[in-house]
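Topology and contacts: notes
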Amino acid sequence: MPDFVDKTFDAVYSVYQTAATALNGAYDRAKDAGQSIMECTKVGAQKVQLKTGDLIEKATPQPPEAPPTALDEARKFAIDHAFQIGLYGGIPLSVFTLHKILRVFVPYKRRAQKLRDGSRYEVIVILGPIHSNFVKKLIYDLNGRGYIVFVVVSNEKQLRLVEEQKDEDVRPLIVDFQSPTTVKAGLLRLARFLDKPRNGIYYHLRGCIFIPDYVRLPKVSKIGQISVKEFKRVLDDSFFKINLMLANGMTTFLKESNKRRNAVAKANNVRIKGGFSKLLFVDFSVSENNEKRVLFRKIVQKMNHMLYDELYKEYSPSKMDSLLRVFGKDPDPSRIDITKLSVEYHKNSESHLIRNSFMMTSSGLNRKMNVTGVHYKIFDILNSSWLRKDYYICN
């Protein structure tokens, strides 16, 4: 029989168990209720946040879109027209690349046209300082490429320099520059050569090249040091001779050559290529450090540039006429294909004028200038169907 202590312990334990059970149940219910309240509160807060965000977005004005830039428009155009760009751009690029590759294995031969029996019929007229190495090499080069070269001379010394070539295709054209009448008389010899056939050959004037004389300029650095005699000589050699040639027959020869072009081609049974007859100004100048000829060279160059600009305005064909001439049509025979090549050679201890090189350097000082590259450029201009107003070469 249990004693009082046991009964008392059992009663107390029973009460404790009942209370503990009640407390645990209350805690679990309170915990569940708290979690339910937290879940409801969280869901409510999220809904409020979303609604608040929508209200803020609706209430806040949207910034205007930035206008598309030129780069954006170009990118969009390229994406929309990718096929057309690839078609019309890839084909010319491929042709150009193939042309360059072909020229590596089959170089372009710069040669004057000849008749079927090898006879020459294209004529070049050169007026320039024949005593300079530049003009001498140019005459030799044009003759070697198959042209008949007439060199304008006005005294016995120049005549001997031409005769020293000992080539029947390098001929002197004696012109006395004392007056317009004597100039016309000298040019009349050229007219007779071009007008009448020889051995059944009709001759075609390919072009006329004018090279101002900047070689024999006096060493003068101040205006007050210029003498009347030297000033007159320089102007005669570098300006008035060119003007007298043009005013007394040369422009007429070029126009007449353009008119007779088809008739000459038919008579010689050839197709004349390379466009119409050319009037080419070659402005070759040498500049040195501490040069004392700068003053005279500037004066003469400005006068020649002025003459060239006026002649270009008067005789050059319009762009439409030039385009028609590419296809062999000459809507205005009074116009002449005219252009200017400026060659500036900077001379110092590191620069040289050489004859042969694999390629020509056309920019950068203190480098070599390949004279063959200059000759190539002159040949290309004389045989081009489309001309720019100016061309430049420098070292």
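The structure this text deals with has already been given above.
So, how was this worked out
- Residues numbered from 1 in each chain as written.
- Predicted model: local features only at pLDDT ≥ 70, side-chain atom pairs only at ≥ 80, totals over all residues.
- Heavy atoms only, no water.
- Salt bridge = Lys/Arg side-chain N within 4 Å of Asp/Glu carboxyl O.
- Helix = DSSP H or I, 4+ residues; strand = E, 2+ residues; numbered from the N terminus.
- Buried < 20%, exposed > 50% of the residue type's maximum accessible area, 1.4 Å probe, protein only.
- Pairing = 2+ DSSP bridges.

A closer look at the pattern of salt bridges
- Inspection of the entire model under this criterion finds 10 salt bridges.
- In this structure, K389 engages D309 in a salt bridge whose closest nitrogen and oxygen atoms are separated by 3.5 Å. Of the two residues, K389 sits in the loop between α11 (371-382) and β9 (390-394) while D309 sits in helix α9 (residues 294-315), which places them 80 residues apart along the sequence.
- When its relative accessible area of 32% is taken as the criterion, K389 is described as partly exposed.
- With a shortest N-O distance of 3.0 Å, D330 and R325 are connected by a salt bridge.
- Using a relative accessible area of 22% as the deciding quantity, one classes D330 as partly exposed.
- The structure contains a network of salt bridges with shared partners spanning R325, D330 and D337.

Quick look at the pairing of strand β4 (residues 204-210)
- When you tally the buried positions in β4, you get seven out of seven residues, the bulk of the element.
- Taken together, the six bridges between strand β1 (residues 122-127) and β4 define a ladder with parallel strand orientation. Bridge pairing in β4 links I124 to G207.
- Pairing of β4 with strand β5 (residues 278-288) involves four bridges; the strand directions are parallel. Looking across to β5, one finds that F210 is bridged to F281.

These values are about where atoms sit, not about what they do.
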